[in-house]
Amino acid sequence: MILESYINGQWVSGDNKNTRNMYDAITGEIIGLTSTEGLDIASALQYGRDHGKALRDMTFQQRGNMIKKLALYLNKRKEQFYEVSYKTGATRVDSWIDIEGGFGNLFANASLRKLFPDQSYAVEGDPIDLSRGGRFMAHHILVPKKGVAVHINAFNFPVWGMLEKCAVNWMAGMPAVVLPAPQTAFLTEVVVREIINSGILPPGALQLLSGLTTSILDTVASQDVVTFTGSAHTGRLLKAHPRLLEESVPFTMEADSLNAAVLGPDAVPGTPEFGIFIKEVRKEMTVKCGQKCTAIRRIIVPENLMEDVQIALGKQLDRTVIGDPKLKEVRMGSLINTDQRDAIKTQVEKISKTADIVYGSFDPVEAMGADGEKGAFMRPILMREDQPFKNTQVHEVEAFGPVSTLMPYNGVEEAITLAQMGKGSLVSSVVTADNAFAKAYTVEAASHHGRILTLNRESAPQSTGHGSPLPLLVHGGPGRAGGGEEMGGLRGIKHYMQRCAVQGSPTSLTEITGIYQPNGAYTEAEKHPFAYHYEDIKPGMSLQTHKRTLTDTDIQNFANLTWDHFYAHTDITSLDGSIFKKRTAHGYFIISAAAGLFVYPNKGPVSANYGLEDIRFLRPLYHNDTIYVRLTCKEKRERDVSGREHPSGIVKWYVEVFDAEPVDYENGKTDEEATALVAVATILTMVEKKQTTFVEMTEEKIKECLSKLTEETTPKWGMMTSQHMIEHLEFSYRVGGNELQDFDIATPEKYIDKVAATLWNYEKMPHDYEMPLMKKGTVEDLRHPDLETAMKKFWEARTVFEDFFKKNPKAQPKSPVFGHLTKYEWYLQERKHLNHHFEQFGLV
């Protein structure tokens, strides 16, 4: 059977030509074929470009939430991926790195939405004044490229390799075409099929070519981006493709490299660092059967510790059980196929021309629970090169499997030189408790590595390890490692966007960037800006406050209150030779006084002060100076709400403090051209969003809704009748009114806060939810003779509910689902609950 590809919005198979076998790595059996022959590759790329607008038009918040939703969806279905992954020779731990590590990339990149504005493009850096007076300026914006991201992936991480790249290009607003390596394309296909079935991504956001595709680069265009993960040799061939050069297509390569781990001279046997080093090397040799681009290939240790490391590492490798990865006892599975084992043997033979094999061999393996002859099993191989400066094969040849070479050094300079002889790698690690040694190695070796991990007894318990690239860190390396920079948080996202410098007036750039630019025109607010909900606040919305005079008493009282007795505020006899002319107001008093002028005293959508940024004091203010403030919305940022709070966003306010009567002290007189602006700051407020999902359930509104209800009214979902619904609501009121409390809370305690927090959001209750105190799968027995009686009992229960909280405003009756709730939370529960059932019966 030929593995299907997903292009142009449909699943298709290639022709039965130039097929390649896919093997079960454990049994050696053929599990399918790959082929992309006959597929219109050029049309697939164009399909992605044509449909990319849907992604580009989404805001960063929408893209991030989409990716988060996809991660949750896939995580619920992960077990089926594990079952398929065993066929690649991966153990559960190996598969966890690939599968859940890939999901982790989705989650991590989705969280970056909070660092972007709520629009489809980004603004980078600070504004640049190009004129005297700030009326002509520039800023940089980043917009999504209007092409497709072509990802050519390696066989060793069929899930992670796809998702770590796609998460980034999706966040940037760019669709992807994925080319998994044929050896493990069957696992990538299973995941892509679930992604497509989810319907979460817009059409064209993800396409899959299941098989070797030699023509993929023939029709790439200037707006496309190509990434490659694999061997340095293949990467160099692709990088030189004429089409890439003609169209100036960005090409990122992440190639396998000869990564090094260095043991510090202080880390002698018996120290925690020595044990950490041995375990880290053993792990990197055996996880994924050594088939990791970040695996440790060169083990660089002090010459006097060579024997100790060799013996200790051999003992650790002796504990490695090889066999069927499904067995819990097995610690190392197999290579991807027997061809890979043959390739490793060839590479080991090259290195062993000068180096000795001191552990392991290519003899047949006794595999637990599997046939060692049929499966692609091999033992870990440890080599030893005693003359690494003379014999350079160890720095040039990589055996892509459970193979590593031990070599000596004397002094930190030699360790650095040996590490650099690999001509560029993805990662290096240094294990030492001597921070001076760690610094010396890191600073000098950093030029040749994409990442350096320093490990010691303090960091090891929480370290992610030598071989673990992280979504928010750059993954790549110079030289042999390809020169690419995948992932890296914001840095990675920007790779799929076009940076453009925009110039104009502050007012024009405020409109273009969505961020208020200093000296731009203000939009006077019709009411106080703090009285608006998040959705109604716009950049440039502004308020000018009334005035306040700073008195000598104010300054001294502030000093006494804060204990800030800096001489300029308290000792006017010491001002000679300073920049101050008179008793000077504290900078923080100016900001505090400014807040007193602009803060809205009434309860409203602004729920909290979230922080203070970029505060600057431009010149002193003295006693008897008068100030006023200009408060202007600078920008808005979405935020994730967790816990018991309503949905909200962050609004950044640009605060300008002005001297109402600026004085030119050099001339001793008032001067209209003297600087009026004395301080600026950016304050952040948490501003609630509008609640538009639910109708407020006042007594009048409830009566209006129930007036439409009859015994013949049928529900839009569920099995309830009209009377069942009314009796159910009556029961809920009696629980909330503390009449009925003889029950246990059904929600486990560890989840209760999370469940209770859902009362605060603006999402509707699910249609199919079953209340714990109700019968499962059927309706309750009716308690009242008819609907009219049920209505009377409903209103009696609601009156009891309201009276209870009037008399006991601090009480917290329990709910079977949400736990103990305050008076306000019972109000939220009532609103959400009534809306749910009134909508069910078409009453609202």
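How each quantity is defined
- Here the residue numbers are simple positions, counted from 1 along each chain's written sequence.
- Side-chain atom pairs in this predicted model are given and counted only at pLDDT of 80 or more, local residue features only at pLDDT of at least 70, and totals for whole chains, interfaces and linings cover all residues.
- Values shown for side chains rest on all heavy atoms present in the structure; no hydrogens or waters enter the calculation.
- Only DSSP runs of H or I with at least four residues qualify as helices, and only runs of E with at least two residues qualify as strands; both kinds are numbered from the N terminus onward.
- Contacts were defined at the residue level, with two residues in contact if any of their heavy atoms lie within 4.5 Å.
- To measure how exposed things are, a 1.4 Å probe is used in the Shrake-Rupley method; for residues, cover is taken only from the protein chains shown.
- Charged-residue counts in this description rest on Lys and Arg as positive and Asp and Glu as negative, His and the chain ends being excluded.
- By convention, the charge on Lys lies at NZ, on Arg at CZ, on Asp at CG and on Glu at CD.
- Axis geometry follows a simple rule: fit a line to the C-alpha atoms, using only the stretch in contact for helices, then measure angles between N-to-C directions, giving values from 0 to 180 degrees.
- Put simply, a crossing is left-handed when the front helix is turned counterclockwise from the back one by less than a right angle, and right-handed when it is turned clockwise.
- Here a polar contact means two N or O atoms within 3.5 Å. Within protein one must be a hydrogen donor candidate and the other an acceptor candidate, and residues neighboring in sequence count only if both atoms are side-chain atoms.
- Any two strands with at least two DSSP-identified bridges between them are counted as paired.
- Only residues whose relative accessible area exceeds 30% and that form no salt bridge enter a patch; like-charged residues are grouped when within 9 Å of one another, and nonpolar side chains (Val, Leu, Ile, Met, Phe, Trp, Tyr) when within 5 Å.
- Here a salt bridge means any side-chain nitrogen of Lys or Arg lying within 4 Å of a carboxyl oxygen belonging to Asp or Glu.
- Each residue's exposure class comes from its accessible area (1.4 Å probe, protein chains only) as a fraction of the maximum for that residue type: buried when under 20%, exposed when over 50%, partly exposed otherwise.
- Multiplying 1.5 Å by the residue count of a helix minus one yields the expected span of that helix.
- Buried and open spaces are told apart on a 1 Å grid over the protein atoms alone, a cavity being a set of points where a 1.4 Å probe fits but cannot get out and a pocket being an open set with protein on both sides within 12 Å along at least five of seven lines. Residues with an atom within 4 Å of a point are the lining residues.
- Grid points are joined across faces, edges and corners, and a volume is the space filled by probe spheres set on the points.
- Side-chain classes follow a simple rule in which Ala, Val, Leu, Ile, Met, Phe, Trp, Tyr, Cys and Pro form the nonpolar group, Asp, Glu, Lys and Arg form the charged group, and the remainder, Gly included, forms the polar group.
- Should an angle fall under 35 degrees it is called roughly parallel, over 145 degrees roughly antiparallel, and 65 to 115 degrees roughly perpendicular, with every other angle called oblique.

**A word on the overall build of the protein**
1) Next: Secondary structure summary: the protein contains 24 helices and 32 strands in total.
2) Next: Projected onto its principal axes, the C-alpha coordinates of the protein cover approximately 95 × 85 × 60 Å.
3) Next: A separation of at least 24 residues holds for 76% of the contacts in the protein among residues at least 6 apart in sequence.
4) Next: When the accessible surface of the protein is split by element, carbon and sulfur atoms take 50% of a total near 37400 Å².
5) Next: Across the protein, 93 positive and 107 negative side-chain charges occur, with their mean positions spaced 1 Å apart.

**Digging into the packing of helix α13 (residues 412-420) against helix α14 (residues 435-445)**
1) Next: Interaxial distance between α13 and α14 falls to 10 Å at its minimum, and their mutual angle equals 35°. In the crossing of α13 with α14, the sense of the turn from one axis to the other is right-handed. Only F437, A440, Y441, E444 and A445 of α14 make contact with α13, whose side of the interface consists of V412, A415, I416, A419 and Q420.

**Considerations on the environment of Q80**
1) Next: Within the secondary structure, Q80 sits in helix α4 (residues 78-85).
2) Next: Distance in space between the C-alpha atoms of Q80 and I615 is 53 Å, their sequence separation being 535 residues.
3) Next: Here Q80 is in contact with V190 and E194, once residues within four sequence places are set aside.
4) Next: One polar contact links Q80 to E194, side chain to side chain, over a distance of 3.2 Å.

**As for the sheet that holds strand β16 (residues 403-409)**
What holds strands together in a sheet is hydrogen bonding between their backbones, with the strands either parallel or antiparallel.
1) Next: Within the open sheet, the 7 strands sit side by side as β14-β15-β16-β13-β12-β17-β18. Their pairing is mixed. Of all the strands in the sheet, just β14 (356-359) and β18 (449-455) have a single pairing partner and so form its edges. Direction aside, neighbouring strands of the sheet carry axes that sit 25° apart on average.
2) Next: Pairing of strand β12 (residues 259-263) with strand β13 (residues 296-302) involves 4 bridges; the strand directions are parallel. When the sheet's bridge partners are listed, A260 is paired in β13 with R298.
3) Next: Contacts from helix α10 (residues 272-286) reach β12, β13, β15 (381-384), β16, β17 (425-431) and β18, with the element oriented near 160° to β13.

**Structural notes on a nonpolar patch on the surface**
1) Next: A cluster of nonpolar residues, I128, L130 and F136, forms a patch on the protein surface that exposes about 240 Å² of accessible area.
2) Next: With respect to the helices and strands, L130 occurs in the loop between β5 (122-129) and β6 (137-144).

**Observations concerning the side chain of K292**
1) Next: In this fold, K292 is placed in the loop between α10 and β13.
2) Next: On the basis of relative accessibility, which here comes to 4%, the residue K292 falls in the buried class.
3) Next: For K292, the side chain forms a polar contact with the main-chain oxygen of G467, separated by 3.5 Å.
4) Next: Residue contacts for K292: discarding those within four places in its chain leaves N156, F157, E284, V287, R297, F400 and G467.

**Considering helix α21 (residues 722-736)**
1) Next: Its 15 residues place the ends of α21 21 Å apart at the C-alpha level, agreeing with the 21 Å of an ideal helix rising 1.5 Å per residue.
2) Next: When you tally the buried positions in α21, you get 14 out of 15 residues, the bulk of the element.
3) Next: Among the residues trailing α21, N738 stands out with phi positive, at a value near 75°.

**So, empty space enclosed by the protein**
1) Next: Scanning all chains against the criterion turns up 5 cavities of 30 Å³ or more.
2) Next: Along the walls of the largest cavity sit E164, K165, V168, T227, T252, E485, E486, M487, G492, H495 and Y496, which together make up its complete lining.
3) Next: Counting residues per element, the ones that place at least two in the lining of the largest cavity are α6 (160-172) and β20 (486-487).
4) Next: It is α6 that provides the largest number of residues to the lining of the largest cavity, a total of 3 residues.
5) Next: Counted by class, the lining of the largest cavity contains 3 nonpolar, 4 polar and 4 charged residues.

**Notes on the pattern of salt bridges**
1) Next: This model, assessed by the stated rule, comprises 44 salt bridges.
2) Next: As a salt-bridge pair, D640 and R113 come within 2.4 Å of each other at their nearest N and O atoms. Taken together, the positions of D640 in the loop between β26 (626-638) and β27 (648-659) and R113 in the loop between α5 (92-111) and β5 put the pair 527 residues apart, joining distant regions of the chain.
3) Next: By relative accessible area, which is 4% here, R113 ends up buried.
4) Next: In this structure, E280 engages K283 in a salt bridge whose closest nitrogen and oxygen atoms are separated by 3.6 Å. Pair noted here: E280 and K283 are both in helix α10, with a separation of 3 residues, about one helical turn.
5) Next: With a relative accessible area of 10%, E280 lands in the buried category.
6) Next: Relative accessible area serves as the criterion here: at 28%, K283 is assigned to the partly exposed category.
7) Next: Because the salt bridges share partners, they merge into one network encompassing E613, E635, R637 and K652.

**Description of helix α3 (residues 60-75)**
1) Next: Look at α3: 22 Å from first C-alpha to last across 16 residues, which is about the 22 Å you get at 1.5 Å a residue.
2) Next: Taken together, the buried positions of α3 are F60, Q61, R63, G64, M66, I67, L70, A71, Y73 and L74.

**Concerning the sheet that holds strand β21 (residues 497-504)**
1) Next: Here we have 3 strands laid out as an open sheet, ordered β5-β6-β21, and antiparallel in their pairing. Since the sheet does not close on itself, it has two edges, and those belong to β5 and β21, each with one partner. Shown here is a sheet whose adjacent strand axes are inclined to one another by a mean of 20°, direction ignored.
2) Next: Lying over the sheet, helix α16 (residues 506-513) contacts β5, β6 and β21, oriented at roughly 15° with respect to β6.

**Observations regarding the packing of α4 against helix α7 (residues 185-198)**
1) Next: Closest axis-to-axis distance for the α4/α7 pair is 9 Å, and the angle between their directions is 165°. In this view, α4 runs roughly antiparallel relative to α7, as classed from their interaxial angle. As for how α4 packs across α7, the hand of that crossing is right-handed. Of α7, the residues touching α4 (which contributes Q80, F81, V84 and S85) are F186, L187, V190, V191 and E194.
2) Next: The class makeup of the residues in the contact of α4 with α7 is 6 nonpolar, 2 polar and 1 charged.

**Some points on the pairing of strand β3 (residues 20-23)**
1) Next: Note: β3 against strand β4 (residues 30-34), 4 bridges, orientation antiparallel. Directly across from N21, in β4, lies its bridge partner L33.
2) Next: What sits between β3 and β4 in their antiparallel hairpin is a turn of 6 residues, with G28 showing a positive phi close to 80°.

**What about the environment of M368?**
1) Next: With respect to the helices and strands, the residue M368 is situated in the loop between β14 and β15.
2) Next: Taking the C-alpha atoms as reference, M368 lies 9.7 Å from G333; in sequence the two are 35 residues apart.
3) Next: Filtering out sequence-adjacent residues up to four positions away, M368 remains in contact with V321, I322, G323, D324, L327, E329 and V330.

**Some details on the layout of surface pockets**
In this approach the atoms are scanned with a rolling probe the size of a water molecule, which exposes any empty space left behind.
1) Next: Estimated volume of the second largest pocket: approximately 1200 Å³.
2) Next: Forming the walls of the second largest pocket are 44 residues, and the residues nearest its centre are F155, Q183, G230, S231 and T234.
3) Next: For the lining of the second largest pocket, the elements supplying multiple residues, two or more each, are β3, β10 (225-230), α8 (232-239) and α12 (338-351).
4) Next: Ranked by the residues each element gives to the lining of the second largest pocket, the list is headed by α12, at 6 residues.
5) Next: When grouped by side-chain class, the residues that make up the lining of the second largest pocket number 20 nonpolar, 16 polar and 8 charged.

**Some words on unusual backbone geometry**
1) Next: Even without glycine at this site, K423 takes up a positive phi of about 60°.
2) Next: Within the secondary structure, K423 is located in the loop between α13 and β17.
3) Next: With a relative accessible area of 54%, K423 lands in the exposed category.
4) Next: One non-glycine residue with positive phi stands out, namely N738, at about 75°.
5) Next: Assignment of secondary structure puts N738 in the loop between α21 and α22 (749-757).
6) Next: On the basis of relative accessible area, N738 is assigned to the partly exposed category, the value being 35%.

Shape is all these values report; function is a separate question.
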